Amino acid sequence: MENILSGIKPTGQLTLGNYIGALKNFSKFQDENKVFVFIADLHALTLPIEPEVLNQNTKDIVAFYLACGLDPNKASIFLQSHVYEHSELGTILGNYAYMGELNRMTQFKDKASKLNEKNIGLGLFTYPVLMAADIILYDAKKVPVGEDQKQHVELARDLAIRFNHRYKKDIFVIPEPVIPTTGARIMSLSDPSKKMSKSDPKGDIFLKDDLKVARKKIMSAVTDLECEVRYDKENKPGISNLLTIYSCLKEITIEEAEKEFIGANYGTFKRAVADVVCDTLERIQTKYNEYINSDYLDEVLEKGAKEARAIASNTIKRVKACVGLYSKQ
Ligand code: AMP
Ligand code: TRP
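Residues numbered from 1 in each chain as written. Chains lettered and ligands numbered in written order. Predicted model: local features only at pLDDT ≥ 70, side-chain atom pairs only at ≥ 80, totals over all residues. Heavy atoms only, no water.

Turning next to the site of ligand 1. Close to ligand 1 lie 17 residues, the nearest being Gly146, Asp148, Ile186, Met196 and Lys198. Lys9 is positioned such that a nitrogen or oxygen atom in its side chain is 3.1 Å from an oxygen atom of ligand 1. Note that a nitrogen atom of ligand 1 is positioned 2.8 Å from one of the backbone N or O atoms of Met196. Starting from 480 Å² of accessible surface for ligand 1 in isolation, the protein chains cover 94%. Taking a 2 Å distance to the grid points as the criterion, the majority of the atoms of ligand 1 fall inside the largest pocket. Element by element, the count of residues in the shell around ligand 1 is highest for helix α1 (residues 16-26), at four residues. In terms of residue class, the shell around ligand 1 is made up of six nonpolar, six polar and five charged. (Near = heavy atom within 4 Å. Polar contact = N/O pair within 3.5 Å; in protein donor to acceptor, adjacent residues only side chain to side chain. Areas by Shrake-Rupley, 256 points an atom, 1.4 Å probe, with all protein chains shown as cover. 1 Å grid on protein atoms, 1.4 Å probe; cavity = no way out; pocket = protein on both sides within 12 Å on 5 of 7 lines; lining within 4 Å. Sits in = over half its atoms within 2 Å of the grid points. Helix = DSSP H or I, 4+ residues; strand = E, 2+ residues; numbered from the N terminus. Nonpolar A, V, L, I, M, F, W, Y, C, P; charged D, E, K, R; others polar.)

Let us look at empty space enclosed by the protein. According to the stated counting rule, one finds two cavities of 30 Å³ or more in the structure shown. Met105, Gln107, Phe108, Lys111, Leu124, Tyr127, Pro128 and His152 are the residues that line the largest cavity. Along the lines of polarity and charge, the residues of the lining of the largest cavity split into five nonpolar, two polar and one charged. Here the second largest cavity is characterised by a volume of approximately 40 Å³. (Points joined across faces, edges and corners; volume = space filled by probe spheres on them.)

Following this line, the structure appears as structure tokens:
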């Protein structure tokens, strides 16, 4: 049994990319491992966000976690801000992270380049340190994430190794990213050279999308001028992205998906993709609607935080003793 941890930040509407790259995979681990799944609400503050939006997004993610099959009796589901040890370990770990390595983080460079240089928040810069604390606190060996988070998990790994070397003890478990072989980077439907992301409404399918809207988005997805349904990421990025979505949702390989559409035109293919996407959304939305306004969400979070604190407080004790922070024996 291994400890597995992952999280999503409540910065916007969850997309089909979040589902395929992350959410869908979390529940697969819960039967045979100790799973911690949280909402990275402190991370959501690293870019401007309205308080009521943050609140609603947070509840939404809890409801979607449950709707996507996470079972609070098997996995601990909680908010980052409810377990103070995240901030505490983040502060301690910040002393072992180098500004040079944080400066090299792709996500930081990307997000900072869209801001006025004078207004880049410190939290955005130290984001990966807090993320490392999230992971390390739970002795997480595996961290299931999409492709874009790989670099952050690798930094957590480097920090854990550095810390262990510094104190010559195996104080931290060394984490590793678990990236799905297909579906780790679902692309925008309107521009398949860009990632589908919460902040780009045009090419996104949102988990909350009306089924008709979702169908329309798939039917008008950008493709190419050929008429062969074939996986070729370089020359046919739109079709390849749709094949990826289809195969992930059907739980088949890309090759099996290609075989199903030999000789089919793009219209037929897109209709089949739209069908499986709409089936998936409908299933998730039905459950989401059952949970979103129920008190059950708070019960789940309370139980999850309690379970999380039990392990997080132990790690913090270990770390404090290791670095020499005094406490009564
Ligand atoms: P975020 O939306 O950045 O909070 O991401 C939450 C999780 O979803 C992370 O594990 C991401 O790697 C994953 N994710 C986000 N967008 C995509 C995408 N377009 N394709 C696959 N995975 C994604
Ligand atoms: N940074 C992740 C994202 O943007 C969210 C996150 C925060 C996370 N802490 C984490 C993911 C720890 C995995 C493990 O998606």
